[in-house]
Amino acid sequence: MVQQLVNGLILGSVYALLALGYTMVYGIIKLINFAHGDLYMMGAFIGYYLINAFKMNFFVALVLTMALTALLGVVIEFLAYRPLRNSTRIAALITAIGVSFLLEYGMVYFVGANTRAFPQALETVRYHLGPVAVTNVQLTILAVSIVLMLGLNFIVKQTKMGKAMRAVSVDSDAAQLMGINVNRTISFTFALGSALAGAAGCLIGLYYNAIDPLMGMTPGIKAFVAAVLGGIGIIPGAAIGGFVIGLLETFSVSIGLSSFKDAIVYAILIIILLVRPAGILGKNVKEKV
């Protein structure tokens, strides 16, 4: 049981990184960015090529991957989402799905649909701590995820741009009247979320040693479930939701229900939403009609 708890926390940390991108974008412009999971896939492939072709150190490749996926996220926001910002929610949602398919099948066209082995940039060392066995790769994933989450919390809570993000999420019109550049703030939010997704893709490639152009679909949906579970639009809630989903998935496999692990995750989501529609940390807000 303790071993499964450790495995669940490590997998959950990756889901948490993905869920944070979902929740930030939704919190600031009320858009469910279904292309977010494919930025995770792009991060895995960028890391693959940086390590394989340029023989980079894993951590240098990770930082560069985050920078490149952040740039890609900003470009997607500028070209696909910004022109539709004042349109209906359904138009923006359909556009997000279209961007998702464009990234997926664009990569299928350029690199092929076959699964590739991610280069093992870190030599695996196994540690035995009583009944628990962990590897240095697992510890690296958990440590990097926690550092990135703490860094995000610092940016949102302590920096000028973080204050601008919080202001725009509450009332973008009032924020603009106060001199905040709303477009730049939204682009920065996309950059942050995309960088975290790119990092998650690079880490999961190292963990599972396999990547493919369609690898972002299922984790992307699970990360969305995690964001909703924790309370969509609430950053700590997304992190908690990610860890909960990782633990649920791991325990499902450990009790012999690996074929139904996805169904169990979605069933738990339905139960949570029936009992607490706003999510774990969400608050039920009454809207004036």
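Note that the coordinates shown come from a computational prediction; the quantities given were computed from them, not determined experimentally.

## Looking at the overall build of the protein chain
In terms of regular secondary structure, the protein chain is built from 11 helices and two strands. The order of α-helices and β-strands along the protein chain, N terminus first, is α-α-α-α-β-β-α-α-α-α-α-α-α. Taken over C-alpha atoms, the radius of gyration comes to 19 Å for the protein chain, in line with the 19 Å a tight globule of 289 residues would show. Along the first, second and third principal axes, the C-alpha set of the protein chain runs to 55 × 45 × 35 Å. Taken across its 289 residues, the protein chain has 47% of its residues classed as buried. Considering only intrachain contacts with a sequence separation of at least 6, the fraction spanning at least 24 residues in the protein chain is 77%. For the protein chain, the accessible surface area stands at approximately 14300 Å², while carbon and sulfur atoms represent 67% of it.

## Let's talk about the packing of helix α10 (residues 235-254) against helix α11 (residues 261-275)
Contact geometry for α10 and α11: axes closest at 9 Å, N-to-C directions at 135°. One finds that α10 runs oblique with respect to α11. Crossing of α10 over α11 shows right-handed handedness. Of the residues in α11, those touching α10 at Ile 245, Leu 248, Glu 249, Ser 252 and Val 253 are Lys 261, Ile 264, Val 265 and Ile 268. For the contact of α10 with α11, the per-class residue count stands at six nonpolar, one polar and two charged.

## Considerations on the layout of surface pockets
It is the rolling of a water-molecule-sized probe over the atoms that shows where space remains empty. Roughly 570 Å³ of volume is contained in the second largest pocket. Ile 29, Lys 30, Leu 31, Arg 85 and Arg 89 are, among the 25 residues lining the second largest pocket, the residues nearest its centre. Elements represented by at least two residues in the lining of the second largest pocket include exactly α1 (2-29), α4 (89-111), α6 (160-170) and α8 (182-208). Of the residues in the lining of the second largest pocket, the class split is 14 nonpolar, six polar and five charged.

## Observations regarding the UniProt feature "transmembrane region" (unreviewed entry) in the protein chain
If you check UniProt for "transmembrane region" (unreviewed entry), the listed places come out as residues 6-25, 32-51, 57-79, 91-112, 132-156, 188-211, 223-251 and 263-282 in our numbering. Helix makes up 95% of residues 91-112 and strand makes up 0%, while its end C-alpha atoms are separated by 30 Å. Summarising residues 263-282: 65% helix, 0% strand, and an end-to-end C-alpha distance of 24 Å.

## Examining the packing of aromatic side chains
This structure, assessed with the given rule, holds eight aromatic pairs. With a centroid separation of 6.2 Å and 25° between ring planes, the pair formed by Phe 101 and Tyr 105 is classed as stacked. Of the two residues, Phe 101 and Tyr 105 both sit in helix α4, four residues apart, roughly one turn of that helix. The exposure class of Phe 101 is partly exposed, given its relative accessible area of 43%. For Tyr 105, a relative accessible area of 44% translates into the label partly exposed. Through pairs of rings, three or more aromatic residues link up here, namely Tyr 22, Phe 34 and Phe 224.

Cut-offs used in this document
- Just so you know, the residues in each chain are numbered from 1, in the order the chain's sequence is written.
- Whole-chain, interface and lining totals are the exception, using all residues; otherwise, since this is a predicted model, local features are given only for residues with pLDDT of at least 70 and side-chain atom pairs are given and counted only at 80 or more.
- Side-chain measures here rest on the full set of heavy atoms in the structure, leaving out hydrogens and waters.
- Here a strand is any run of E in DSSP of at least two residues, a helix any run of H or I of at least four, and the numbering for each starts at the N terminus.
- For the radius of gyration, the atom set is restricted to C-alpha positions; the globular benchmark scales as 2.2 Å times the number of residues to the power 0.38.
- Each residue is placed in one exposure class: buried if its accessible area under a 1.4 Å probe, protein chains only, is under 20% of its type's maximum, exposed if it is over 50%, and partly exposed if it falls in between.
- Working rule for contacts: check all heavy atoms of both residues, and any pair within 4.5 Å makes them a contact.
- Areas reported as accessible are Shrake-Rupley estimates using a 1.4 Å probe. Residue values count occlusion only from the protein chains shown.
- Axes here refer to lines fitted to C-alpha atoms; in helices the fit is confined to the stretch in contact. Angles between the N-to-C directions go from 0 to 180 degrees.
- Working definition: roughly parallel below 35 degrees, roughly antiparallel above 145 degrees, roughly perpendicular at 65 to 115 degrees, and oblique for all remaining angles.
- What makes a crossing left-handed is the near helix being turned counterclockwise from the far one by less than a right angle; a clockwise turn instead makes it right-handed.
- Three classes are used: nonpolar for Ala, Val, Leu, Ile, Met, Phe, Trp, Tyr, Cys and Pro, charged for Asp, Glu, Lys and Arg, and polar for all others, with Gly counted as polar.
- With a 1 Å grid spanning the protein atoms alone, the term cavity applies to any set of points in which a 1.4 Å probe fits but cannot get out, the term pocket to an open set with protein on both sides within 12 Å along at least five of seven lines, and the term lining residue to any residue with an atom within 4 Å of a point.
- Grid points are joined across faces, edges and corners, and a volume is the space filled by probe spheres set on the points.
- UniProt positions are given in the numbering used here, feature names are shortened, and annotations may be inferred rather than shown by experiment.
- Put simply, two rings from Phe, Tyr or Trp (the six-membered ring, in Trp's case) pair if the centres are within 6.5 Å, and we call them stacked under 30 degrees between planes, edge-to-face over 60, tilted for the rest.

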